[in-house]
Amino acid sequence: LMKHFYSRSVSEDLGCRRGDFSRKHYGSVELLISSDADGAIQRAGRFRVENGSSGENTDYTPGTWHRTDVHLENPEYHTRWYFKYFLGKVHQNYIGTDAEKNPFFLSVVLSDQNNQRIPQYHSILWRKTGTQKICLPYSPTKTLSVKSILSAMSLDKFEKSPREIFHPEIQKDLLVLEEQEGSVNFKFGVLYAKDGQLTDDEMFSNETGSESFQRFLHLLGDTITLKGWTGYRGGLDTKNDTTGTYSIYTIFQGHEIMFHVSTMLPYSRENKQQVERKRHIGNDIVTIVFQEGEESSPAFKPSMIRSHFTHIFALVRYSKQNDSYRLKIFSEESVPLFGPPLPSPPVFTNHQEFRDFVLVKLINGEKATLETPTFSQKRQRTLDMLIRSLYQDMMPDLHKVNNMLNRRSFSDVLPESPKSTRKKEEARQAEFVRLGQALKLKTTVKGDTAANLATTSFCKKEPWESQSFCSNFPHEVVCADSWGQSLLVSTDAGILLIDDGQPSVQVFDKTLQIKQMHVLEALDLLIARTDKGKDSRLLVFRLSAVQKDIETKQIIRSKYDCRENKLERTKGCHLYAINTHHGSELRIVVAIRNKLLLVTKKYNPHCSLTSSSVLSSPESPVEEFQYIREICLSDPPVVMTLVDGPTGDSDNMICVAYRHQFDLVNESTGESYRLHHIETNKVNFVAAIDVYEDGEAGLLLCYNCKC
């Protein structure tokens, strides 16, 4: 038996460990060589090439892949534990040094934020080599010490035993440490290359792009004006237009993305190398190259771009013949493998799916690049410097403090405070939580975390800031909902569709008085409640049918034209609610005095909104809804909200407000649970807002106390 020892590259090692699968689906490693304009040979290093090709024995159908394969790797709600589980909640932070005299920080919180709702400890150990995260079970009978937590993380010996940090400002510093794991927002380069262009000077010198390139940019995101832009800017100038007037921007799965588009960055006739353009795109980790020309044209190679920083190139070609995009990925060999794998062949006829695939691939690619030695060593040096600096700032203050609280160093993580210090401890915890919640809100608003509530609005404002849509609207507004870039408004003059700067369009006349509505574009539905006492009903319309009436100007509907749109059993309803977090099933709960009706939309796996499905669907969607059950309450609800359970199987709830309380009602059993009681003579209920974080539900209860 003979063993052969040899050195190999990171990518080769990864390829061997992943085996035949990696070679088929993530490409082979090639030494890419090209020549410059003078014919001199250039070595651009070794790149892994992904072109979707696979072996003869593959089971994949060409050009197809499973939609579930396209997902972000290491999403922030898995990696950013401190922001999710700790910030804004009562938790403990400790400081110490290991046997090698390297400082470390430990954070511990008791949380039940998991699908089973079982309490458990989340712990983060901050060291210069990175963070360690661990979940430990909670037992009411067995105490958990800081020493046992550190031992579970293979840290048993200390130069200085850990001591607890009580100052609430430590939350800011630990959040900075966590941010070293990588940005949640991204900047990607987009380089336009004409057919036959083989050098970066030629590509960067293109003043404008083709029509197909403009369509590709429109697919990637929205065109925004840089001057005055308040969102993520990706290093572009938003004050003086020194980096161009416009750019392309989008938000994808909570991540803000700014594209550095070569044709939108400043062009210089005197500077043939276009240094200003290269300054931005050449410093992007990931660059998209949109290359014109047929497949027989000379292909792009990473060696054509002189950049030591760009590690991933995504080559995009557009085919007019079948209106499709072809994708090819070049990754510097030290970049770990990242998904999703390209389909075979890597040709996309569905443009929206192509966009999703490209954005997921590029985000995963940048995250993978940050694990290469070039970036990981830099991150480790930064982390070491920050931890040592924070340690030096903290230790003098800890030596000054010598009270009962510091005896918790190796005691229970969440102990009972002595009676003499309980009030002081409660006040400290209240201030600790207040600062943490303010910091969490500020971080979210600033865009430094993946936010599920982020939108692609051009006028990105803070959540509490209003935006003027129509400054001189002549009618009294009853209710409204957004429809695309427009607003569907119920008024005393009927239902109007208004758009900024455009004349309003009458959709329904004033015989139809709508008091509550929801526009569900993804389901092609408009849900509305007409409020006329015993004659009130719940109506459902197909948005595409309403849109057709508007475009053809055939009819302005009255209530007499809506008889086919009435949902059965809803006569006399005074309130309804829908599940805002719906996935495959839309649920509606309708209140008729103290009776609740649960209605669902029948699930149709083929009901995606396409032109063919719209043509084949009946105008009224009433038949798509079915009555499920009836629940009786003690009083008519004033506020009502549907809350999705973690499994969706017999654990969905309805939050209702009446009298002086908020209750939770189980959809399946009808059992009610007291959620919150208001100690006041008169109360005005406002709302119960369902808030979801990574699929887990929370409720924000809103009400006013009357004097």
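About the thresholds
- Residues numbered from 1 in each chain as written.
- Predicted model: local features only at pLDDT ≥ 70, side-chain atom pairs only at ≥ 80, totals over all residues.
- Heavy atoms only, no water.
- Helix = DSSP H or I, 4+ residues; strand = E, 2+ residues; numbered from the N terminus.
- Contact = heavy atoms within 4.5 Å.
- Areas by Shrake-Rupley, 256 points an atom, 1.4 Å probe, with all protein chains shown as cover.
- Phe/Tyr/Trp six-rings, centres within 6.5 Å; stacked < 30°, edge-to-face > 60°.
- Buried < 20%, exposed > 50% of the residue type's maximum accessible area, 1.4 Å probe, protein only.
- Lys NZ or Arg CZ within 6 Å of the ring centre and 35° of its normal.
- Salt bridge = Lys/Arg side-chain N within 4 Å of Asp/Glu carboxyl O.
- Arc of directions from axis to C-beta.
- Patch = residues over 30% accessible without salt bridge, like charges linked within 9 Å, V, L, I, M, F, W, Y side chains within 5 Å.
- Pairing = 2+ DSSP bridges.
- Axes fitted to C-alpha atoms, helices over the stretch in contact; angles between N-to-C directions.
- Parallel < 35°, antiparallel > 145°, perpendicular 65-115°, else oblique.
- Left-handed = near helix turned anticlockwise from the far one by under 90°.

S.K.: Please set out the overall build of the protein chain residue by residue, giving values where relevant.
M.R.: The helix and strand inventory of the protein chain stands at 14 helices and 32 strands. Long-range pairs, those at least 24 residues apart, make up 60% of the contacts in the protein chain with a sequence separation of at least 6. As presented, the protein chain carries roughly 36,600 Å² of accessible surface, and 49% of it is formed by carbon and sulfur atoms.

S.K.: Break down the packing of aromatic side chains for me, with residues and values.
M.R.: Using the criterion set out here, one finds 25 aromatic pairs in the structure. With a centroid separation of 5.2 Å and an interplanar angle of 55°, the aromatic rings of Phe 348 and Phe 354 are classed as tilted. Here the two residues Phe 348 and Phe 354 agree in accessibility, since each one is buried. Grouped by ring-pair contacts, the aromatic residues Tyr 192, Phe 213, Phe 216, Phe 290, Tyr 318, Tyr 325, Phe 348, Phe 354 and Phe 357 constitute a single cluster. Directly above the ring of Phe 83 sits Lys 440, whose terminal nitrogen or CZ lies 5.2 Å from the centroid. Taking NZ or CZ as reference, Arg 569 lies 3.9 Å from the ring centre of Tyr 627, over its face.

S.K.: Provide a residue-level description of the pattern of salt bridges, including the pertinent values.
M.R.: Enumeration over the complete set of coordinates arrives at 23 salt bridges. Between Lys 278 and Asp 200 there is a salt bridge, with the nearest N and O atoms lying 3.7 Å from each other. Here Asp 200 lies in helix H7 (residues 200-204) and Lys 278 lies in helix H9 (residues 275-281), a separation of 78 residues in the sequence. Like Asp 200, Lys 278 is buried. In this structure, a network of salt bridges that share partners links the residues Asp 200, Asp 201, Lys 278 and Arg 306.

S.K.: Account for helix H6 (residues 170-179), naming residues and giving values.
M.R.: Of the residues making up H6, those classed as buried are Ile 170, Gln 171, Leu 174, Leu 175, Leu 177 and Glu 178. An end-on view of H6 places all buried positions within 155° of arc, on one side of the element.

S.K.: Tell me about a nonpolar patch on the surface, and name the residues and values.
M.R.: Taken together, the side chains of Ile 689, Val 691 and Leu 700 present a nonpolar region at the surface, about 240 Å² in accessible area. Here Val 691 is to be found in strand E31 (residues 682-693).

S.K.: Account for the sheet that holds strand E22 (residues 537-542), naming residues and giving values.
M.R.: Spatial strand order, E20-E21-E22: three strands in an open sheet with antiparallel pairing. Pairing within the sheet leaves two strands with one partner each, and these edge strands are strand E20 (514-520) and E22. With strand direction ignored, the average angle separating the axes of adjacent strands in the sheet is 15°. Bridge count between strand E21 (residues 525-530) and E22: six bridges; the pairing is antiparallel. Residue pairing in the sheet places Ile 527 in a bridge with Val 540 of E22. Where helix H13 (residues 543-552) meets the sheet, it contacts E20, E21 and E22, and its direction lies at approximately 70° from that of E22.

S.K.: Kindly report on the pairing of E20, identifying the contributing residues and their values.
M.R.: With respect to burial, E20 is a largely interior element, five of its seven residues being buried. Pairing analysis gives six bridges linking E20 to E21, with the strands arranged antiparallel. Looking at the pairing, Leu 520 lines up with Leu 525 of E21.

S.K.: Describe the packing of helix H8 (residues 211-220) against helix H10 (residues 351-369), with residues and values.
M.R.: As a packed pair, H8 and H10 sit with axes 10 Å apart at the nearest point and diverge in direction by 65°. Comparing the axis directions of H8 and H10 gives the class roughly perpendicular. Judged by the sense of rotation from one axis to the other, the crossing of H8 with H10 is right-handed. Seen from H8, the contacting residues are Phe 216, Leu 219 and Leu 220; seen from H10, they are His 351, Phe 354 and Arg 355.

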